[in-house]
Amino acid sequence: MKPKVLVADDEAPIANVVAMKLRNAGMDVTVALDGQEAYERALAAPPDFMITDLQMPGLNGLELCARLTAELPDRIPTILLTAKGFEIDKAALALLPICRVMAKPFSPRELLARVQEAMGMCVVP
Amino acid sequence: MEVTQACLGVPPATMRAGVEVPAGLIEETLERTGVAVTFFHTDGTPYAGAAPEAAGGDALRRLVLEALERNEDQVVAADGRLRAAWPIRLRSRTALVAAGELVLADAEGKDLGERLLAAVAEAVRAAVAAAGARAESEAASESLLQNFEEISLLHHLGEVLRVNRPVAELLEYVCGELRETLDAEAVAAYLTDVDEAGPATLVAGRLPFLGADLPRVVAHLLDGLETDQHVVVNNHCQEDPVLAAISIALDRVVLVPLPVHQGAPGALLAVNRAAGEFGSPDAKLIRSAASSSTIFIENRRLYREAQEMMLDLVRALVSSVDAKDPYTCGHSERVAITCRRIATQLHLTPDEVEYVYLAGLLHDIGKIGTPERILLKEGRLEPEEWQIMIRHCEIGGRILAGIRRLDPIREAVLHHHEHLDGSGYPSGLKGDQIPLLARIVSLADAFDAMTSNRPYRPTLPLDQVRREIENNVGTQFDAPAANALLNVDLSSLMQEFMDRPTSVCLP
C-alpha cells in the first residue's frame, strides 16, 4: 500500500515540488492549493500524513490541522511549513499532531527524510 | 486511424528520460503496424534499434537519402514498390529517418499503402515527440527539485557565514550539506591558505584515496582546467592514468576551484556517486557553494587584517608609554596576556576575551600624559606628585573617549585602580560597581607588578604571589577573577611572557 500524503500550500510551485519529491519516493500524493480544499479532500479521503503551509488564505495550516483533528477519528501526523522567523504559539502546537515545523526555504530532500522518519519508514541513507 | 492509435499506445515504460528514441519503441512500432520500416541516421549509420535489413537494406537507404536531398518524402521505385521516408528530429547531431516500403499490387493498393505508411510515420513521430516531452518534463522537474535544494543550501549557508567563525567550521558545513544534496560518496574542500595556518583539508564522507593524496588529485585536475572553464566534470577517471594510479576506486569527480587569496590554489570537489554520473546541475550547485565560500573566506581574511591592524595600532600606541619607562617595559603586553588567561578561565565569550585583552594592553595609556619626572622618580612620591600620578586613569579614559567601539575598554582603563572595598581610585567604586573588565585588569596589573623587577623591590617568588592574591581577595581583588588566575598554570604564563611580541623599550 502506497502511503497517502496530502500536501497543502497556496504557493503552487512549492506544493508541486513537494508532491514531486514524495511521488518519486513512491507515495500517493494529493495536492490542495488552499486550506479549505485541503480540509475537504482530507475529509473525503483521510491521508496517512499531511504537509501544510502555515499561512494560507481562509483556513490556515494550524486551523486546518485543528479541524481535522477534531472531526476525524484518527489524528493525521503533520509537518507544518512556515516562513522563516514566523513565531508560532507553542501551546497551540502541543495540542495538535504536528511532529515538526520546518522553515522555508527547506530542502525537499530533508523534508522527504522527515516524512519517512515520522511515518516510521525505513530511511535508506 | 487504427495504426496510429496502436503506436501511440506504446507503454510509457519504454519512454525513459534521457533516451533520444526510447528503447523498444521502434521494434514495437514495426511489430504493431506490420509495415516494413527501417531506421537510419541521416549520416547513413544504421539506428541501433532496427534490424539493418528490415526493409530494403542499403538500396532503400540510398534511394531515400537521395529523395530527402530533393526534399521529397516519397518515391516509387521502378520495380513497383512504394518507398517513403519520414525524417524525425532528434537531439543528436544526426536526424533519424524512418523509411518504409510496401509492395504495390495495383492503384488501389498504392492508395492504401500511402495512407498506411503516412500513418506509421505519424505514429513514430508522435511517440518520439511524446518520449522527448516526457524526458524534458522529467529533466525540468529534476532541475526544479535541484534548484530547491540549492536555494535551501545557499540560504542556510548564509546563516552560518559569520566572519568571526573559523573557516574550517564553514567548510565542514558546506562539505556535509553538499554530500547529502549530491548523494556523493565524499565531498572535500582543499585550501592552501587558510588563516595562514598552511593547507587545510575537510572531507565529508569517505574519499576513495588517502587524504594525503588529495593535493595531488586537486593539482592534477586543476592542471587540466582551461582558463575559461570553471569546473571539471570527469565521469571516467579510470581513463586518466594519473588518477587511476592514485586510486582504482576513483570513478567520478566534479571539481570547482576555490580561488582564494593571491591565487593560492584550492578546490571543492565531489567524488563518486552510486546513483550515476555527475552532470552540469551538480557542478552548478558546487559552484554556487564555492563562490559563497570564497566570498566568505575573503571577507574573513579582510576582517582578520583589519583586526590585526587595529591591534598593531594599539600596540604602537602602548609602546609609546612603555618607551617612556624602561622599568615597566613590556608591562602592558604582559598584563594583557594575563587578562586573556583570566577571561578564558572565566569562560567569557571570544569577543569578551578579546575586549579584556585590549583593556589590558591599554590600561596604562594615560601615563603618556604623566610628566617623566614623576613617572621615572625613584623613591616615594610626594602627596602632590601622587595626585598627578593617579590622574593617568582619567587621562587614559579621555584618550579612548572618542572610540565608540572601545567603550567597555575605556571604562576598564578608567577604573583599573579601584579596589573592591572602595579604597581605590579615581572614583572609589565598590564591589559590583566596578566593571568586570576593570576588576580583571586590576588583578592582572597587580600580578605583573609582583612578578617583575621593580626599582624598589625584586621579583616575588610565585608561592608568595599566590598568598598575596589570596590575602587580598574581597578587599582589593574580585574573588572569581582571583580564583581564575590561581587556576591558571602560572609557569606556562611566565613562558608566554617570554614569547610575547617585542615591545619598544629604551635601553
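Per chain, residue numbering runs from 1 following the sequence as it is written. Throughout, the order in which chains and ligands are written sets their labels, letters from A for the former and numbers from 1 for the latter. The predicted origin of the model limits local features to residues at a pLDDT of at least 70 and limits the giving and counting of side-chain atom pairs to 80 or more, whereas totals for whole chains, interfaces and linings rest on all residues. Side-chain numbers come from the whole structure's heavy atoms, not from hydrogens or water.

Along chain A, the regular secondary structure elements total five helices and five strands. Secondary structure is summarised from DSSP: a helix means a run of H or I of at least four residues, a strand means a run of E of at least two, and numbering begins at the N terminus for each. For chain A, the N- to C-terminal ordering of α and β elements is β-α-β-α-β-α-β-α-β-α. Here the term buried applies to any residue with accessible area under 20% of the maximum for its type, exposed to any over 50%, and partly exposed to those in between, with areas from a 1.4 Å probe on protein chains only. Looking at chain A residue by residue over its 125 residues, the buried ones come to 46%. A fraction of 60% describes how many contacts in chain A between residues 6 or more apart in sequence connect residues 24 or more apart. For this analysis, residues touch if any pair of their heavy atoms sits within 4.5 Å.

On to the overall build of chain B. For chain B, the count of helices and strands is 18 helices and nine strands. Put simply, chain B has 507 residues, and 45% of those count as buried. Here the analysis covers contacts within chain B between residues at least 6 apart in sequence; of these, 60% occur between residues at least 24 apart. When the accessible area of chain B is evaluated, it comes to approximately 25200 Å², of which 53% is carbon and sulfur surface. Residue exposure ignores everything except the shown protein chains as possible cover, and the areas themselves are Shrake-Rupley values with a 1.4 Å probe.

Moving on: the interface of chain B and chain A. Quite often, the size of an interface is put as the accessible area lost when its parts meet. Between chain B and chain A, the contact holds 14 residues from the first and eleven residues from the second. Accessible-area loss on putting two parts together, using a 1.4 Å probe and summing over both, is the definition of buried area adopted here. Taken over both partners, the interface formed by chain B and chain A buries close to 1200 Å², and the fraction arising from carbon and sulfur atoms is 64%. When the area that chain B buries against chain A is broken down by residue, the three leading residues are B:L145, B:F148 and B:E149, summing to 48%. The term salt bridge refers to a side-chain nitrogen of Lys or Arg lying within 4 Å of a carboxyl oxygen of Asp or Glu. Here chain B is connected to chain A by two salt bridges. Where B:E149 meets A:R109, a salt bridge forms, and the shortest distance between an N and an O atom there is 3.8 Å.

Moving on: unusual backbone geometry. Here A:K104 and A:P105 are connected by a cis peptide whose omega angle stands at 0°. For B:D183, which is not glycine, the phi dihedral falls at a positive 60°. Residue classification places B:D183 among the partly exposed positions, given a relative accessible area of 45%. For B:N272, which is not glycine, the phi torsion reads 55° and is therefore positive.

Moving on, we get to helix 17 (residues 479-486) of chain B. The periodicity of an α-helix, 3.6 residues per turn, causes residues three or four positions apart to be oriented the same way. Residues and elements named next belong to chain B. Of all the positions in helix 17, only A481, A482, A484, L485 and L486 are classed as buried. Turning to helix 17, the residues buried within the fold contact helix 9 (331-345), helix 15 (436-451), helix 16 (462-471) and helix 18 (490-498). Throughout this description, a polar contact denotes any pair of N or O atoms lying within 3.5 Å of each other; where both atoms belong to protein, one of them has to be capable of donating a hydrogen while the other can accept it, and for residues adjacent in sequence the pair is counted only when both atoms sit in side chains. Here helix 17 starts with a cap whose side-chain oxygen sits 3.4 Å from the backbone nitrogen of A481, and that cap is D478.

A word on the pairing of strand 2 (residues 28-32) of chain A. One face of the sheet, then the other: side chains in a regular strand alternate in exactly this way. All names here are of chain A. The criterion for strand pairing is that DSSP finds at least two bridges linking the strands in question. Pairing of strand 1 (residues 4-8) with strand 2 involves five bridges; the strand directions are parallel. Residue pairing in the sheet places L6 in a bridge with T30 of strand 2. Clockwise travel from the first strand over the helix to the second, with the strands pointing away from the viewer, marks a crossover as right-handed. Read as a crossover between parallel neighbours, the route from strand 1 over helix 1 (residues 12-24) to strand 2 is right-handed.

This brings us to the sheet that holds strand 2 of chain A. Strand pairing in a sheet is mediated by backbone hydrogen bonds. Such pairs are either parallel or antiparallel. Residues and elements named next belong to chain A. Strand order in this open sheet of five strands is 2-1-3-4-5, and the pairing throughout is parallel. Looking at the sheet topology across the chains shown, the edges are occupied by strand 2 and strand 5 (98-104). Taken pair by pair, the neighbouring strands of this sheet meet at an average axis angle of 15°, ignoring direction. As paired strands, strand 3 (residues 49-53) and strand 4 (residues 78-83) are joined by four bridges and run parallel to one another. Its bridge partner lying in strand 4, D53 is registered against L81. Note on geometry: axes are C-alpha line fits, over the in-contact stretch for helices, and angles between N-to-C directions span 0 to 180 degrees. Sitting on the sheet, helix 1 touches strand 1, strand 2, strand 3 and strand 5, and the angle it makes with strand 2 is about 175°. Sitting on the sheet, helix 3 (residues 61-71) is in contact with strand 1, strand 3, strand 4 and strand 5, with an inclination near 150° to strand 3.

Turning our attention to helix 5 (residues 108-118) of chain A. All names here are of chain A. When we look at burial in helix 5, the residues that qualify are P108, R109, L111, L112, V115 and Q116. Buried positions in helix 5, seen along its axis, are confined to an arc of 160° and lie on one side of it. G120 sits one or two residues past helix 5 and shows a positive phi near 70°. Arc definition: directions from the helix axis to the C-beta atoms.

Residues and elements named next belong to chain B. To qualify as a nonpolar core, a set must consist of buried Ala, Val, Leu, Ile, Met, Phe, Trp, Tyr and Cys residues joined through side-chain atoms within 4.5 Å. Among the nonpolar cores identified, the biggest contains 49 residues, and L362, I409 and I469 are the most heavily contacted of them. Of all the elements, helix 15 adds the most residues to this core, at nine residues. Of all hydrophobic cores here, the second largest spans 29 residues; its members include L153, L171, A189 and L202.

Residue and element names in this part refer to chain B. Summarising the model, chain B shows a mean pLDDT of 79, and 73% of its residues fall at 70 or more. Confidence scores here are pLDDT values: one per residue, from the predictor, ranging 0 to 100. Between residues 1-19, whose pLDDT stays under 50, and residues either more than four places distant or in other chains, the model counts 33 contacts. The ipTM assigned to the predicted complex is 0.71, against a pTM of 0.57.

What follows concerns the packing of helix 9 of chain B against helix 17 of chain B. Residue and element names in this part refer to chain B. Here helix 9 crosses helix 17 at 105°, and the two axes come no closer than 8 Å. One element, helix 9, and the other, helix 17, form an angle in the roughly perpendicular class. Here T338, I342 and Q345 of helix 9 lie close against helix 17, whose contacting residues are A481, A484 and L485. In the scheme used here, Gly and all other residues not listed as nonpolar or charged are polar, with Ala, Val, Leu, Ile, Met, Phe, Trp, Tyr, Cys and Pro taken as nonpolar and Asp, Glu, Lys and Arg as charged. Here the residues of the contact of helix 9 with helix 17 are counted per class, giving four nonpolar, two polar and no charged. Roughly parallel refers to an angle under 35 degrees, roughly antiparallel to one over 145, roughly perpendicular to one between 65 and 115, and oblique to any angle outside these ranges.

This part takes up the packing of helix 10 (residues 350-362) of chain B against helix 15 of chain B. A pair of packed helices is captured by two measures, namely the crossing angle of their axes and the spacing between those axes. Residues and elements named next belong to chain B. Between helix 10 and helix 15, the least distance of the axes is 10 Å, while the angle of their chain directions is 50°. As judged from the angle between their axes, helix 10 and helix 15 are oblique. In terms of crossing hand, the pair formed by helix 10 and helix 15 is right-handed. Between helix 10, through Y355, V356, A359 and G360, and helix 15, the contact on the second element is made entirely by L437, I440 and V441. Looking at side-chain class alone, the contact of helix 10 with helix 15 contains six nonpolar, one polar and no charged residues. Crossing chirality is assigned from the near helix's rotation relative to the far helix, an anticlockwise turn below a right angle marking it left-handed and a clockwise turn marking it right-handed.

Looking now at the pattern of salt bridges. Tallied over the entire structure, the rule returns 24 salt bridges over all chains. The closest approach of N and O atoms between A:E117 and A:R114, which form a salt bridge, is 2.9 Å. Of this pair, A:E117 and A:R114 both sit in helix 5, three residues apart, which is roughly one turn of the helix. Judged by its relative accessible area of 43%, A:E117 falls in the partly exposed class. Among the salt bridges present, the one from B:R439 reaches B:D478, with a minimum N-O distance of 3.1 Å. Taken together, the positions of B:R439 in helix 15 and B:D478 in the loop between helix 16 and helix 17 put the pair 39 residues apart, joining distant regions of the chain. Across the pair, exposure class does not vary: B:R439 and B:D478 are buried alike.

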